[in-house]
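The chain contents come next:
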Amino acid sequence: MIVWEEDRLAFERLRQRLARRGTGAAEAARQWPVHYVAFDLVHQGGTDLTGWPYERRRAALETLFADHRPEAPLTLCPATTDPAVARGWLEWTAAGLEGLCSKRLDEPYRPTRSWLKYKVRVTAEAVIGAVTGSLAAPRTVLLGRYDAAGRRQYTGRSATLSQAAGRALPTSWSRR
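Note that the structure is predicted; figures quoted are calculated from it, not measured.

Let's talk about the sheet that holds strand β2 (residues 8–9)
One open sheet accounts for four strands, arranged β2-β1-β3-β6; its pairing is mixed. Two strands close off the open sheet at either side, each with one partner strand: β2 and β6 (74–76). In this sheet, β2 lies alongside strand β1 (residues 2–5) in antiparallel orientation, the contact comprising two bridges. Opposite Trp 4, over in β2, you have Leu 9 as the bridge partner. Against the sheet, helix α1 (residues 11–19) contacts β1, β2 and β3 (34–38), and its axis sits at roughly 125° relative to β1. The strands that helix α3 (residues 54–68) touches are β3 and β6; relative to β6, the one it contacts most, it runs at about 130°.

Put into structure tokens, the structure is as follows:
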């Protein structure tokens, strides 16, 4: 499931929708409609397809879409075995794409995660401007970058740090 907001994938909106109940859920559904993106087919017409290799399940899914021609909010996830095409998809990060998932073509469906996820990592230099928690055990770091005039500007916050990551931060802090 995905939520589009302002021409971008909005994972936070999807999380917000999933957390709501009752009238809040109905309002969230109106405000942030969900689209279902199908990428695998494990049952069809009472037949269990989990023993089939992914390549065969994917072909059955594509045939199902071709035969029934569903429209939004139901769509078929694109798939490729061409590395050049996959590299091109990684350029969609401006639309909120976080990465790509890959499955072995010859593998049956497994109830545990057997596929691989390649996450796009965008990096930039930043300075730590502050921490949440204590200096001895920071929970998150608040990050900044210098603007053209040399002033530090807030740019974002880290994810919650593990204890090991917090300990790995510099132990001497400058107070400017």
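That was the structure; now back to the text.
Describing α3
In this model α3 runs 21 Å from its N-terminal to its C-terminal C-alpha over 15 residues, within 8% of the 21 Å that 1.5 Å per residue would give. Among the residues of α3, those classed as buried are Tyr 54, Arg 57, Arg 58, Ala 60, Leu 61 and Phe 65. Axial view of α3: buried residues confined to an arc of 160°, hence all on one face. With respect to the buried face of α3, the exposed residues turned more than 90 degrees away are Glu 55 and Asp 67.

Quick look at the side chain of Arg 58
For Arg 58, the location among the structural elements is in helix α3. Residue Arg 58 is classed as buried on the basis of its relative accessible area, which comes to 8%. Within the local environment of Arg 58, its side chain forms a polar contact with the side chain of Glu 62, the two groups lying 2.9 Å apart. A distance of 2.6 Å separates a polar atom in the side chain of Arg 58 from the backbone oxygen of Cys 77. Contacts of Arg 58, omitting those with residues within four sequence positions, involve Ala 38, Phe 39, Leu 76, Cys 77, Pro 78 and Ala 79.

Re the pairing of β3
Judged from the two bridges that link them, β1 and β3 form a sheet pairing that is antiparallel. Bridged to Val 3 within β3 is Val 34. For β3 and β6, the ladder comprises three bridges, and the chain directions are parallel. Looking at β6, one finds that Val 37 is bridged to Thr 75.

Topic: the layout of surface pockets
Picture a little ball the size of a water molecule; that probe, rolled over the atoms, points out where space is still empty. Approximately 1,400 Å³ is the volume found for the largest pocket. Per-element accounting of the lining of the largest pocket gives the leading share, five residues, to α3. A class-by-class count of the residues in the lining of the largest pocket yields 25 nonpolar, six polar and seven charged.

Focus: the pattern of salt bridges
Applying the stated criterion across every chain, the model contains ten salt bridges. The shortest N-O distance in the salt bridge between Glu 12 and Arg 15 comes to 2.8 Å. Placement of the pair is Glu 12 and Arg 15 together in helix α1, with a separation of three residues, close to one helical turn. Under the relative-accessibility criterion, Glu 12 is labelled partly exposed at 40%. Across the pair Arg 30 and Glu 27 runs a salt bridge whose closest N-O atoms are separated by 3.1 Å.

Notes on the packing of aromatic side chains
According to the stated counting rule, one finds one aromatic pair in the structure shown. The positively charged end of Arg 56 is found above the aromatic ring belonging to Trp 52, 3.6 Å away from the centroid. Arg 113 extends its terminal NZ or CZ atom over the ring of Trp 115, reaching a point 4.2 Å from the ring centre.

What counts and what doesn't
- Residues numbered from 1 in each chain as written.
- Predicted model: local features only at pLDDT ≥ 70, side-chain atom pairs only at ≥ 80, totals over all residues.
- Heavy atoms only, no water.
- Pairing = 2+ DSSP bridges.
- Helix = DSSP H or I, 4+ residues; strand = E, 2+ residues; numbered from the N terminus.
- Contact = heavy atoms within 4.5 Å.
- Axes fitted to C-alpha atoms, helices over the stretch in contact; angles between N-to-C directions.
- Expected span 1.5 Å × (residues − 1).
- Buried < 20%, exposed > 50% of the residue type's maximum accessible area, 1.4 Å probe, protein only.
- Arc of directions from axis to C-beta.
- Polar contact = N/O pair within 3.5 Å; in protein donor to acceptor, adjacent residues only side chain to side chain.
- 1 Å grid on protein atoms, 1.4 Å probe; cavity = no way out; pocket = protein on both sides within 12 Å on 5 of 7 lines; lining within 4 Å.
- Points joined across faces, edges and corners; volume = space filled by probe spheres on them.
- Nonpolar A, V, L, I, M, F, W, Y, C, P; charged D, E, K, R; others polar.
- Salt bridge = Lys/Arg side-chain N within 4 Å of Asp/Glu carboxyl O.
- Phe/Tyr/Trp six-rings, centres within 6.5 Å; stacked < 30°, edge-to-face > 60°.
- Lys NZ or Arg CZ within 6 Å of the ring centre and 35° of its normal.

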